[in-house]
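Chain residues, written in single-letter form:
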Amino acid sequence: MASVTKTLERYQRCCYAPQENSSERETQSWYQEATKLKAKYESLQRTQRHLLGEDLGPLNVKELQNLEKQLEGALALARQRKQQVLTEQMEDLRKKERHLGDLNRHLRLKLEAEGQNLQAIQDYWNSGAADGSSNFHLHHSQSSQMDCDPGPVLQIGYHQYVPAEGSSVSASKSMPGETNFFQGWVL
């Protein structure tokens, strides 16, 4: 029973005690925390300056040796990572080189096959044209089978129709069958 009364007394002191006491303790706790953080911040700044080679005057020999070891370790890690990245890049480039080499060989074989087919067709045309038995006759304006004019071109789609000089649009509309142009469209 005595422990229950002590517990109740402590409860009443905590609950009914003036709030100033608890807020004062909380303020003091925050002040201590801020002081610790400020000291940590200053220590980190000092360490950073040392790592950058600044403000080394107050350091003794042992602290300078520790700093040197830290810098050598960081340098070794940086070199190791650089070597790893370069190795990965070289491997990627080798893969691309192999892929492009394979693609080049494939295209060369395809080109050679098509070149042989084209040569066979040209030889057939040349042999047929020379003895006159070819179904492919040269037009009088062509010097060889490959020298050809594409001829008239069929154009389908929207075109801006401009009537010839001296004619009018109404005249072309009134004469059906003389033109296949409607204004703006080709049929």
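As annotated in an unreviewed UniProt entry, the protein is K-box domain-containing protein from Salix udensis.

## Remarks on the overall build of the protein
When helices and strands are counted, the protein shows four helices and three strands. Start at the N end of the protein and walk to the C end: the helices and strands fall as α-α-α-β-α-β-β. Within the span of the protein, comprising 187 residues, buried residues form 5% of the whole. Taking the intrachain contacts of the protein between residues at least 6 apart in sequence as the baseline, contacts between residues at least 24 apart amount to 24%. When the accessible surface of the protein is summed, it comes to about 17200 Å², and 57% of that surface belongs to carbon and sulfur atoms.

## Brief notes about the side chain of H50
Turning to its location among the elements, H50 is positioned in helix α2 (residues 19-51). The class of H50 is buried, set by a relative accessible area of 13%.

## What to know about the confidence of the model for the protein
Averaged over every residue, the pLDDT of the protein is 76; residues scoring 70 or more account for 63%. In the model of the protein, helix α4 (residues 169-174) stands out as the element of lowest mean pLDDT, 45, in contrast to helix α3 (residues 61-131), which has the highest, 89. Confidence over residues 169-178 falls short of pLDDT 50; this stretch has three contacts with residues more than four positions distant or in other chains.

## Let's talk about unusual backbone geometry
The phi dihedral of D55 is positive, around 55°, even though this residue is not glycine. Its location among the elements puts D55 in the loop between α2 and α3. Of the residues examined, D55 reaches a relative accessible area of 41% and is grouped as partly exposed.

## Some points on the pattern of salt bridges
A complete count under the given rule lists three salt bridges for this structure. Ionic pairing is found between D55 and R49, a salt bridge with its closest N-O pair at 3.8 Å. The salt bridge partner of R105 is D102, with a shortest N-O separation of 2.3 Å. Pair noted here: R105 and D102 are both in helix α3, with a separation of three residues, about one helical turn. What makes R105 partly exposed here is its relative accessible area of 45%. Using a relative accessible area of 45% as the deciding quantity, one classes D102 as partly exposed.

## A look at a nonpolar patch on the surface
A contiguous nonpolar surface patch, about 270 Å² in accessible area, is contributed by L100, L103 and L107. By the element assignment, L100 lies in helix α3.

Rules behind the numbers
Residues numbered from 1 in each chain as written. Predicted model: local features only at pLDDT ≥ 70, side-chain atom pairs only at ≥ 80, totals over all residues. Heavy atoms only, no water. Helix = DSSP H or I, 4+ residues; strand = E, 2+ residues; numbered from the N terminus. Buried < 20%, exposed > 50% of the residue type's maximum accessible area, 1.4 Å probe, protein only. Contact = heavy atoms within 4.5 Å. Areas by Shrake-Rupley, 256 points an atom, 1.4 Å probe, with all protein chains shown as cover. pLDDT = per-residue confidence, 0-100. Salt bridge = Lys/Arg side-chain N within 4 Å of Asp/Glu carboxyl O. Patch = residues over 30% accessible without salt bridge, like charges linked within 9 Å, V, L, I, M, F, W, Y side chains within 5 Å.

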